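Per-entry structural report
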Amino acid sequence: MNGDEACCEGALAAGCRFFAGYPITPATEVAESMSRRLPEIGGIYIQMEDEIASMAAILGASWGGVKSMTSTSGPGFSLMMENIGLGICTETPCVVCNVQRAGPSTGLPTLVAQGDMMQARWGSHGHYEIIALSPSSPQEMFDFTIRAFNLSEYYRLPVIILADETIGHMNERVIIPQEEDIEIVNRRKPTVSREDYLPYEADADGIAPMANCGDGYRIHVTGLTHDDRGYPAMDAKAQEKMITRLVDKIRKNRDKIIRTQNLYLDDADVVVVSYGISARSAMQAVRDARKDGIKAGLIKLDTIWPFPEELIRSVASRSKAMIMAEINGGQMVLELERSAFGACPVSLVSNFGGRILHPGLILNAVAKAAKEKT
Amino acid sequence: MTTAKAVKNVPPHPMDGLLRTERIPHIWCPGCGIGTVFSAVLAAIKNTGWDPNTIAMVSGIGCTGRMAGYIRLDSFHTTHGRALPFATGLKLAKPDTKVIIVSGDGDLFAIGGNHFIHAARRNMDMTVVCVNNFNYGMTGGQQAPSTPLGAKTTTTVNGSPEEPFNLCDLAATCGATYVARWTAMQVRSLRSSISEALEKRGFSFVEVITPCPSSFGRRNRMGTALEMMKFYQGRSVIRSDIDPSEAVVDIDREIVVGKFVDIERPTFMDHYEKVNRLNLPQWRAMHPDHQKGR
Ligand SMILES: Cc1ncc(C[n+]2csc(CCOP(=O)(O)OP(=O)(O)O)c2C)c(N)n1
Ligand code: SF4
Ligand SMILES: [Mg+2]
């Protein structure tokens, strides 16, 4: 199956029973698969009037107690930004899959890019933390979609899947495990009475148990800055408290959230960092470099956000150079530079979108970096 | 706005069970008509006799949208214009929930206009109460798609050069199953209309012509809050069952009020059930009792 279809199957395996979306290349097949598959298992598919509505609808469905998802690409992702912020502020579990195409604007609708990395991080206004995952194959589309739901349910926020056109449309074998072999996480429910329940009072790990609509807790949910009761609180102190918690629940659990796949890191001189489809080109380049006798290594970012700062810092301190391979003008390379903190030179291999990175291009950069004197 | 502490030693209000009394005092200006509409909504909800745990209120952003913060129901204060798609997701996820949307004319018909026409077209089973105060109250009184031609707002100081929507006509045209309009002063009719709307299967819509004395009233020299209330009531003529396109709102001549639409039409869920029942044996097996839920 292709990556988009694998995303759909992953969502269903994770327990998603509500999908709201709007067609857009190259994410349309996610919606089409959902429209076919959801009714078969008693779920709801609805095609909304636009992506703003789609995002709003999945938030509403999540408060109705149903795991929910939408999928889109660049232009639609832009439209979703305000309500992604509502999801962050109200701590609403849900999943947004962005199958990236080249932008800005309508750009290249049918061709690959990885240009929405920073938009996923900072696209909604205000300060917040986000979780984003980046699959590099249809199998990972399946696996990461399940993980996206689990993370969203646990940490209570919209989790973003940053796929790309090539992965979305690529056909590969996907192994779907037995139901009992799939780990499923569900939101934590309150155990106290209605009188004692404070909807935004967190447990020790920073996560607040969530009452769904109709559970009898009669919650108030608002995108205004709010106190533990969920009531609007219009002052700097309340803002400080709320944002600190929203940020800390991700930052303090970074180690549990961040995942990378590392190749030859033990003795690598030159380390390529990449993600999504570009990580496959990078893997090829690193293998080819090893054949040429160059000590190359790879960090494949399975989680894009939060960024693995600590790992990068320690690898940078023992590497000769690090290279980011990505299909944009240089987005995650900024994070790489920041995290390497001057410990080694950092460079970029990229294009602006429309085609994938040729492994040869990355190999050249690796060979060049390996030769450079330090 | 204040973060109210729990109010002590006050006599119980008849709507106490449905009010988040600890959040009183509210943020509305003295004399604002929204309070009257809110009371009517509370009374109508009480009147249904439904278990409050099965009712949810969803609002957008604006002075009207703040109602969601004062009602002791599961209540959702969403983003500007997006109450209806949020409510759509909520309703479909939990079809047995009665969903009531309260929001302003700007929220529902400017920024949220696209969602309104589609929620009505789909006949989503929900009730929308629109406080039409002819302007954007929350942001200080700017022009709205309901602002009468020639009326003054902070962004139309020489008079609005645009013709407004007839909100009831729009709702009816888009497929609402129940459409009514009252002024905030016509409390009894308003209350019973909202009750009817709540009981109605399908997309029901009640427009309430409501004074905003602080902004619209002040700029158009309409006097005190009470004078404004009386002015709207005085202009109103009850003409139920006329074609909604003829149910004009002309604050200089007449404001036609009444119940304009009360029809039956299958809802989104009715159709969704039907197409899946016909074509999917799995669905038939899972939903033996297909009449359940509204
Ligand atoms: C996306 C967005 N744009 C603008 C605003 C600012 N804003 C808040 S309320 C409002 C208008 C409210 O008018 P209406 O819906 O008629 O409600 P009222 O206050 O009159 O009850 C506007 C423009 C916003 N909150 N969000
Ligand atoms: S600004 Fe107008 S609508 Fe808003 S609370 Fe004041 S009087 Fe009411
Ligand atoms: Mg208004």
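To keep things clear, this report deals only with the structure shown in the data block. All values derive from a computational prediction rather than experimental measurement.

1. Structural notes on the nonpolar core
In this structure, Phe18(A), Met34(A), Met69(A), Met322(A), Phe76(B), Ile101(B) and Phe205(B) are the most contacted members of the largest nonpolar core, which totals 167 residues. Residue assignment places this core across two domains, with domain 1 (3-181) and domain 2 (259-373) of chain A each supplying three or more. Other than its neighbours up to four places away in sequence, Phe76(B) contacts Trp63(A), Cys213(A), Ile219(A), Val221(A), Ala56(B), Met57(B), Val58(B), Ser59(B), Ala68(B), Phe86(B) and Leu90(B). Formed by 46 residues, the second largest nonpolar core is a distinct cluster that contains Val37(B), Val102(B), Val131(B) and Val208(B).

2. Here's the deal with the coordination of the magnesium ion (ligand 3)
All names here are of chain B. The protein atoms that coordinate the magnesium ion (ligand 3) are Asp105 (OD), Asn133 (OD1) and Asn135 (O), at distances spanning 2.1 to 2.2 Å. Each donor residue of the magnesium ion (ligand 3) belongs to the same chain, and together they define the spacing D-x27-N-x1-N. Of the two residues, Asp105 is situated in helix H3 (residues 105-111) and Asn133 in the loop between strand S4 (126-132) and helix H5 (167-174); the sequence distance between them amounts to 28 residues. Asn133 shares its class with Asp105; the two are buried.

3. Structural notes on the interface of chain A and chain B
Listed by partner, the interface residues are 46 residues for chain A and 45 residues for chain B. Carbon and sulfur atoms supply 60% of the area that chain A and chain B bury against each other, a total of about 3,700 Å² over both sides. Across the chain A-chain B interface, the total number found is one salt bridge. Applying the counting criterion to the chain A and chain B interface returns 23 residue pairs in polar contact (both at pLDDT 80 or more). Within the residue set of the side of chain A that touches chain B, elements represented by two or more residues are helix H2 (28-40), strand S2 (44-47), helix H3 (51-63), helix H4 (74-90) and strand S8 (220-222) of chain A. With eight residues, H3(A) is the largest single contributor of residues to the side of chain A that touches chain B. Within the side of chain A that touches chain B, the residues separate by chemical class into 25 nonpolar, twelve polar and nine charged. Strand direction decides the pairing type here: S8(A) and strand S2 (residues 74-77) of chain B, joined by three bridges, are parallel. Residue pairing across strands places Thr222(A) opposite His77(B), the latter belonging to S2(B).

4. Here we look at the side chain of Asn135(B)
Turning to its location among the elements, Asn135(B) is positioned in the loop between S4 and H5. Those residues in contact with Asn135(B) that sit more than four places away from it in its chain are Asp105(B), Gly141(B), Gln142(B), Ala144(B), Ser146(B), Thr147(B), Cys212(B), Ser215(B) and Phe216(B).

5. Notes on the environment of Ile294(A)
Residues and elements named next belong to chain A. Here Ile294 shows up in the loop between helix H10 (276-291) and strand S11 (296-301). Considering only alpha carbons, one finds Ile294 and Lys371, 77 residues apart in sequence, at a separation of 9.3 Å. Each residue touching Ile294, except ones within four places of it in the same chain, is listed here: Ala289, Val366, Ala367 and Ala370.

Conventions adopted
Residues numbered from 1 in each chain as written. Chains lettered and ligands numbered in written order. Predicted model: local features only at pLDDT ≥ 70, side-chain atom pairs only at ≥ 80, totals over all residues. Heavy atoms only, no water. Core = buried A, V, L, I, M, F, W, Y, C linked by side-chain atoms within 4.5 Å. Buried < 20%, exposed > 50% of the residue type's maximum accessible area, 1.4 Å probe, protein only. Domains from an automatic or database assignment. Contact = heavy atoms within 4.5 Å. Donors = N, O, S within 2.8 Å, 3.2 Å for Na, K, Ca; no water. Helix = DSSP H or I, 4+ residues; strand = E, 2+ residues; numbered from the N terminus. Buried area = accessible area lost by both parts, 1.4 Å probe. Salt bridge = Lys/Arg side-chain N within 4 Å of Asp/Glu carboxyl O. Polar contact = N/O pair within 3.5 Å; in protein donor to acceptor, adjacent residues only side chain to side chain. Nonpolar A, V, L, I, M, F, W, Y, C, P; charged D, E, K, R; others polar. Pairing = 2+ DSSP bridges.

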